[in-house]
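Commentary on secondary and tertiary structure
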Amino acid sequence: MSSFRMERINKELVREIAYLLEFSIKDDAVKSAVITSVDCSKDLKHAKVWFTTLTEGVRETTLEALKSTAGQLRKLMGERMYLRTTPQLEFCIDRSQDYGRRIDSLLDSLAAESKKVVDDSGQ
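Quick look at the structure, then.

With that settled, consider the sheet that holds strand β2 (residues 46-53). A sheet is described by the order of its strands in space; here three strands give the open sequence β1-β2-β3, paired in mixed fashion. Strand pairing shows two members of the sheet lacking a second neighbour, β1 (33-40) and β3 (88-93), which therefore form its edges. Ignoring which end each strand starts from, the neighbouring axes of this sheet average 30° apart. Both β2 and β3 contribute to a ladder of six bridges, which runs parallel. Residue F51 lies in a different strand from β3, and its bridge partner there is I93. Helix-sheet contacts for helix α1 (residues 3-23) involve β1, β2 and β3, and the interaxial angle to β1 is about 150°. Where helix α2 (residues 59-80) meets the sheet, its contacts fall on β1, β2 and β3, and the angle it forms with β3 comes to roughly 160°.

Right, let's talk about the environment of F91 for a bit. Of note, F91 is situated in strand β3. Residues F91 and E56, spaced 35 residues apart in sequence, show a C-alpha to C-alpha distance of 16 Å.

Scanning the entire structure with this criterion turns up five salt bridges. R95 is the partner of E60 in a salt bridge, and the nearest nitrogen-oxygen pair spans 3.6 Å. Taken together, the residues span a long stretch of sequence, with E60 in helix α2 and R95 in the loop between β3 and α3 (96-121) at a distance of 35 residues. Given a relative accessible area of 45%, E60 falls into the partly exposed group. Residue R95 is classed as partly exposed on the basis of its relative accessible area, which comes to 47%. Residue E79 pairs with K75 through a salt bridge whose shortest N-O separation is 2.9 Å.

Moving on, we come to a nonpolar patch on the surface. On the surface, Y99, I103, L106, L107 and L110 cluster together to form a nonpolar patch covering roughly 490 Å² of accessible area. Residue position: L107 is located in helix α3.

A few words now on the packing of aromatic side chains. Taken as a whole, this structure holds one aromatic pair when the rule is applied. Here Y19 and F23 contribute two aromatic rings whose centre-to-centre distance is 4.9 Å and whose plane-to-plane angle is 45°, an arrangement assigned as tilted. In this pair, Y19 and F23 both sit in helix α1, four residues apart, roughly one turn of the helix. Taking the relative accessible area as the measure of exposure, Y19 reaches 36% and is therefore partly exposed.

Thresholds, definitions, all that
- Residues numbered from 1 in each chain as written.
- Predicted model: local features only at pLDDT ≥ 70, side-chain atom pairs only at ≥ 80, totals over all residues.
- Heavy atoms only, no water.
- Pairing = 2+ DSSP bridges.
- Helix = DSSP H or I, 4+ residues; strand = E, 2+ residues; numbered from the N terminus.
- Axes fitted to C-alpha atoms, helices over the stretch in contact; angles between N-to-C directions.
- Contact = heavy atoms within 4.5 Å.
- Salt bridge = Lys/Arg side-chain N within 4 Å of Asp/Glu carboxyl O.
- Buried < 20%, exposed > 50% of the residue type's maximum accessible area, 1.4 Å probe, protein only.
- Patch = residues over 30% accessible without salt bridge, like charges linked within 9 Å, V, L, I, M, F, W, Y side chains within 5 Å.
- Areas by Shrake-Rupley, 256 points an atom, 1.4 Å probe, with all protein chains shown as cover.
- Phe/Tyr/Trp six-rings, centres within 6.5 Å; stacked < 30°, edge-to-face > 60°.

Here it is in structure tokens:
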């Protein structure tokens, strides 16, 4: 399969999963999940679904709720999408935004330190 097709399938899976979580799944614990990306295998049998939440404290409970609704989501996706095989969903917490925020704060602290050193030296 071409990478362009896989990219289109991954984007469509993101849209469908986000839609189904919002409007078709009754569990309120999954409503806090924000789907960031999907990485589907070339044979369309498995898909890693990366998600985050707005608050860091509920990520583990959201992960457990998503794991428990994975079968129901797969069934609903099979009804809505035109794929030969509906992938089995594996949910993973996306920590890239946390990592980015940490790098930004480190860079800000370095910039503040260098400004303080320049101010202290009188230049």
